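For reference, the chains in residue letters:
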Amino acid sequence: MSTDPTAPVPSGAPVPTVVKLGGSCLDDLSGAWWDDLAAHGATHPLVLVHGWSKPLKRLRPRYSEPSAVIRDRYGNQSRWTTPEVIEDIKTVSAELAEEVFARLAARGIGGERLLGSDGLVGAGEAERWWWRDKQLVELENLVGPITGVDPALLKDLRPGHAHLVTPLARDAAGREVNTDADRAAAALAAATGATDLVLVTDVAHLLIDGEPVSRIDARAAAAFRDKGATGGMRKKLRAAGEALDGGVERVVIGAASVSELLAGRTGTVITRS
């Protein structure tokens, strides 16, 4: 496993488009959306990273309860992850993979599923202090920041083929841990030499002072992330910054088709300068 999250893909491998499919919007993607993705995938290798928020809540209602999400001493939000949660993530991930590959296969795109924890994604030590009932307490939370990606495990990067990655990781102690899907997609984009990272979500644009932003550079996006962004958008902006620092040319956030987002006709495009 590389310890560098931007370790390059082996020389000569085709450059993929990396697309993160938000768990909150997967159910709402239309047939036309999948037609568009398949058309793009016919000429570009695809690396898809999926979220699991809605499917996990459907599996067990307790995952919708406020106590299922905790914040660390720095204010960062995380799902409280135990070994049971890891297994539930795998359960919904397998079901999602079946659905995604059925949709792609019907449109002429083959694919394979990869667990990030099967050697693809490495994670660092997790934060141990978390707020519970307005007190900081030490908790064993199976999460961890990404420390590296081994792009050699993406063995069949070619047009007409998609890799679907479940963003779990393996830490230095060998434990399987949860990690943020947006930041996993960013690390995969950097490691594979991707020029584009597309974060598909249920929000049409980044909003600043209530106004949609069509284009912004990395410095301005980071300033807004640290001062005004909250929740999921804050994580997406952090992921965007990490992708751009890793060599990705642009990150697009939005709720439209991949071709529309890449063309800049909708969504928010974030560039290095």
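Quick caveat: nothing in here was measured; it's all calculated off a predicted structure. (Residues numbered from 1 in each chain as written. Predicted model: local features only at pLDDT ≥ 70, side-chain atom pairs only at ≥ 80, totals over all residues. Heavy atoms only, no water.)

Some details on the overall build of the protein chain
Logical step 1: From N to C terminus, the protein chain includes eight helices and 18 strands.
Logical step 2: A compact globule built from 273 residues should have a C-alpha radius of gyration of about 19 Å, and the protein chain, at 18 Å, falls within 12% of that.
Logical step 3: Along the three orthogonal principal directions, the C-alpha set of the protein chain runs to about 50 × 40 × 35 Å.
Logical step 4: Taken across its 273 residues, the protein chain has 51% of its residues classed as buried.
Logical step 5: Pairs at least 24 apart in sequence give 75% of the contacts found in the protein chain among residues at least 6 apart.
Logical step 6: Just so you have it, the protein chain exposes about 12,200 Å², and 50% of that area is on carbon and sulfur atoms. (Helix = DSSP H or I, 4+ residues; strand = E, 2+ residues; numbered from the N terminus. Rg over C-alpha atoms; globule rule 2.2 N^0.38 Å. Buried < 20%, exposed > 50% of the residue type's maximum accessible area, 1.4 Å probe, protein only. Contact = heavy atoms within 4.5 Å. Areas by Shrake-Rupley, 256 points an atom, 1.4 Å probe, with all protein chains shown as cover.)

Focus on the nonpolar core
Logical step 1: Membership of the largest hydrophobic core comes to 50 residues, with the highest contact counts inside it found for Leu120, Leu197, Leu237, Val251 and Ile270.
Logical step 2: For this core, the element with the most residues is helix H5 (residues 181–191), which contributes eight residues. (Core = buried A, V, L, I, M, F, W, Y, C linked by side-chain atoms within 4.5 Å.)

Notes on unusual backbone geometry
Trans is the common state for peptide bonds, and a negative phi is the common state for residues other than glycine.
Logical step 1: Although it is not a glycine, Asp133 sits at a positive phi angle of roughly 55 degrees.
Logical step 2: Mapped onto the elements, Asp133 comes out in the loop between strand S7 (129–132) and strand S8 (135–138).

Let's talk about the environment of His161
Logical step 1: As for its placement among the helices and strands, His161 is situated in strand S10 (residues 161–166).
Logical step 2: You can call His161 buried: its relative accessible area is 7%.
Logical step 3: Along the chain, His161 and Leu26 lie 135 residues apart, while their C-alpha atoms are 20 Å from each other.
Logical step 4: In this structure, His161 is in contact with Gly41, Pro45, Leu46, Ile109, Gly110, Gly111, Glu112 and Asp156, ignoring residues within four places of it in sequence.

Here we look at the sheet that holds strand S1 (residues 17–21)
Logical step 1: Strands sit in the order S5-S10-S2-S1-S13-S17-S18-S16 across an open sheet of eight strands; the sheet is mixed. The open sheet has two edge strands with one neighbour each: strand S5 (110–115) and strand S16 (215–217). Along the sheet, successive strands turn relative to each other by an average axial angle of 20 degrees, direction set aside.
Logical step 2: Here five bridges tie S1 to strand S2 (residues 46–50), and the two strands are oriented parallel to one another. Bridging from a neighbouring strand, Lys20 pairs with Val49 of S2.
Logical step 3: Most of the contacts of H5 go to S1, to which it runs at about 175 degrees, and overall it touches S1, S2, S10 and strand S13 (196–200). (Pairing = 2+ DSSP bridges. Axes fitted to C-alpha atoms, helices over the stretch in contact; angles between N-to-C directions.)

Quick notes on the packing of aromatic side chains
Logical step 1: Throughout the structure, instances matching the rule amount to one aromatic pair.
Logical step 2: Here Trp33 and Trp34 contribute two aromatic rings whose centre-to-centre distance is 5.0 Å and whose plane-to-plane angle is 80 degrees, an arrangement assigned as edge-to-face. In this pair, the class of Trp33 matches that of Trp34, namely buried.
Logical step 3: The ring of Tyr63 carries the charged tip of Arg62 above its face, separated from the ring centre by 5.1 Å. (Phe/Tyr/Trp six-rings, centres within 6.5 Å; stacked < 30°, edge-to-face > 60°. Lys NZ or Arg CZ within 6 Å of the ring centre and 35° of its normal.)

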